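Structural description and commentary
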Amino acid sequence: MSSESTGGIVKDEKRNGIAVSSKEVDTAAQLAAGLSGTLDPKEALRIRKKIDKHILPLMCMLFVVEFMDKTALGNSAVLGIETATNLTANQYNWLGTIFYLSCLLFEYPQSLALQRLPVGKWMSTNIFVWAIALSCTAACKNFTELFIVRFVLGMCEGSITAGFLIVSAMFYTRKEQTLRVGYWFLMSGIAHIISNLLAFGSLHIQTNGFEPWQWYMIIIGTVTLILAICFGFLFPDSPTTAWFLTPDERVKAIQRIKENQTGVENKHFKMEQFMEAMRDPKTWLFAAFAAFDNVPSSLINQQSLLVASLGFTFFQTTLLTMIPGVIEILTIYSGVRLAARLKNGRAYVGAIYFVPALVGIALVNLLPWSDTAGLLVGQFMTGICTTGFVVALSWLGNVTAGHTKRVITNAIILSAFCIGNIVGPLLWQAQYKPRYHVPWAVIAVCYCVCPMILLVIRALLNRENRRRDSEPSNEVEEYYIEKVTEDGKRIEVKVDKEFLDLTDRQNRDFRYVL
């Protein structure tokens, strides 16, 4: 018997197949090995509903709490934190910047940890540390102490969105991912409403030696701590080990996402996939989009101050700033539904949602200062473009395969997300008050660049799809892995190509959704 061996893959001419090392394949390969036929649509729907029931509520609740925690600084501004801790305008802006600077520094280590360690357990550990740090904010007396706490919060932040993207790709098909990413991301709108209601309630708490902003931090810190404990016990690490699925259902859950051609996960770091992610043009185009799109995210912490500057009281401001939350819910929901419904329309849907935001910026800059209602409408319209980022985030998971490549690509995009958020707060300098024409002009430029990037990505992927369609069909290879039966025997079973942990470039059968 003659054979050839290369990097864990052995071609056996006698068997006319390829033996694949267990380290090379996806973790789902052992469960999927030997499967044939297709999954009954009714059974696939039942499995999906069961997955939704157990993980989607936890993801949504966590995103609500995470967004509340991130925006705690903005709400605390109208609750008196600036006066109590003697913050200058620049120091306040730096507290927004340091959060994302820390997130940037720890994004790559967090992504590696998410690959090597159980995803659910690692995320719950970060949420627990996050909750403690947030609660400690109530004890801060000055800029230095707040700076340290915000740095710790940023460190933990790096695991959440990256972890959610990985989990969404593990459990859902491409179309389902678009909707699920939208569902948990629109929770930011709900968080906006809840956090402002809590801030409104905190303003009514009158205690000696403990101010409203401190009560606000303690309340949301406690909620985060409770959720961290629930998350640790209930959130699964993978469909291959999900506690709420029977062994048979785990196999079906894996079979259900076979069409993605992205597998579930692989705990081994692959240098060739790392290099491919670094050389892939779409990685850097998505990164550029994330950076430009998140420079305007500084509005999250500035919103309350901007509304208050129009002459509203603190009580009125906390209620008015709930409106952007409602807008986010409606626009994100409509956007992801459109993106999932329109075949190959993700780039177009993402791009069109930037138009109302540009109109809003024009209103803010051109209307007279006396037109309070018009200025408010303009400010709130700028939040509509959040939908573009959500669509792009879900699209990224659809067009990236190979677990190491996916992890590295997520890290790069979320690092760019952090860079945008680092730059953003630095725009709001005191000398630009009260109209802030310079920051608004920068935001307008960003909102012009973002839709163009989405359309360039689409053109690039469409060209690659056409190139692959024109390629001659390759000889169909059969792949085998070694599997241990219940009675201890070692047998070789066939495994589908979809579970070989190939990248989107290595797998020439992979087609990019547009």
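For the structure itself, consult the block above.
Per chain, the residues get numbers from 1 upward, laid out in the order the sequence is written. pLDDT decides what is reported in this predicted model: residues at 70 or higher carry local features, side-chain atom pairs at 80 or more are listed and counted, and totals for whole chains, interfaces and linings draw on all residues regardless. Where side-chain values are given, they derive from all heavy atoms of the structure, hydrogens and water being excluded.

The helix and strand labels rest on DSSP assignments: H or I over at least four residues marks a helix, E over at least two residues marks a strand, and numbering proceeds from the N terminus. Check the secondary structure of the chain and you find 23 helices and five strands. By residue count, 58% of the 514 residues in the chain fall in the buried class. In the chain, 81% of the contacts between residues at least 6 apart in sequence involve partners at least 24 apart. Methods summary: accessible areas were calculated by the Shrake-Rupley approach with a probe of 1.4 Å, and residue burial reflects only the protein chains presented. Accessible surface, the chain as shown: approximately 20,900 Å² in total, 64% of it carbon and sulfur. Here's how the labels work: a residue is buried when its accessible area is under 20% of the maximum for its type, exposed when over 50%, partly exposed in between, all with a 1.4 Å probe on protein chains only. In this description, contact between two residues means that some pair of their heavy atoms is separated by no more than 4.5 Å.

So, about the pattern of salt bridges. By definition, a salt bridge exists where a carboxyl oxygen of Asp or Glu is found within 4 Å of a side-chain nitrogen of Lys or Arg. Under the criterion given, the structure shown has 20 salt bridges. Put simply, E43 and K252 hold a salt bridge, and the shortest N to O gap is 3.0 Å. Highlighted residues: E43 in helix α2 (residues 41-70) and K252 in helix α12 (residues 247-256), separated in sequence by 209 residues. Its salt-bridge partner being E464, residue R467 comes within 2.2 Å of it at the nearest N-O pair. Linking R467 with E464, this pair stays in helix α23 (residues 437-470), spanning three residues, or about one helical turn. Three or more residues are tied together by salt bridges with common partners; here these are E43, R46, K50, D248, E249 and K252.

Our focus in this paragraph is the side chain of E66. Secondary-structure assignment places E66 in helix α2. Discounting residues that sit within four places of it in the chain, E66 has contacts with W130, E157, I160 and T161.

Okay, a nonpolar patch on the surface next. Grouping into patches uses exposed residues only, defined as over 30% relative accessible area, and leaves out salt-bridged ones; the cut-off is 9 Å for like charges and 5 Å for nonpolar side chains (Val, Leu, Ile, Met, Phe, Trp, Tyr). Together, F128, V129, I132, I229, F233, L234 and W243 make up a nonpolar patch on the protein surface, roughly 700 Å² of accessible area in all. For the nonpolar patch, the elements supplying multiple residues, two or more each, are α6 (119-136) and α11 (212-234).

It is characteristic of soluble globular proteins that their nonpolar side chains tend to be buried jointly. Buried residues of nine kinds, namely Ala, Val, Leu, Ile, Met, Phe, Trp, Tyr and Cys, make up a nonpolar core once their side-chain atoms join them within 4.5 Å. In this structure, I55, F164, F171, W184, W395 and W440 are the most contacted members of the largest nonpolar core, which totals 123 residues. The dominant element in this core, judged by the number of residues it contributes, is α2, at 13 residues. Dropping the residues within four chain positions of it, F164 is found in contact with M59, L62, F63, M123, W184 and F231. Among the nonpolar cores identified, the runner-up in size contains 11 residues, and V349, Y353, F380 and I384 belong to it.

The rule for a disulfide is simple: a pair of cysteine sulfur atoms within 2.5 Å. Tallied over the entire structure, the rule returns zero disulfides. Note on C103: no disulfide assigned, nearest cysteine sulfur contributed by C418 at a separation of 3.1 Å. Here C103 falls in the buried class, since its relative accessible area comes to 1%. In this structure C136 is a free cysteine whose sulfur lies 7.5 Å from that of C140, the closest cysteine sulfur available.

This paragraph deals with α2. For a helix, the expected span equals 1.5 Å multiplied by the number of residues minus one. With 30 residues, α2 should cover 44 Å at 1.5 Å per step; its first-to-last C-alpha distance of 40 Å lies within 8% of that length. Of all the bends in α2, the greatest measures close to 35° and is centred on D52. To get the bend at any residue, fit one axis to the seven residues that end at it and another to the seven that begin at it, then take the angle between the two axes.

Turning to helix α9 (residues 174-185), a few remarks are in order. Spanning 12 residues, α9 covers 17 Å between terminal C-alpha atoms, matching the ideal 16 Å at 1.5 Å per step. The buried fraction of α9 amounts to 11 of the 12 residues, a majority that puts the element mostly inside the structure. Taken together, the buried positions of α9 are occupied by R174, E176, Q177, T178, L179, R180, V181, G182, Y183, W184 and F185.

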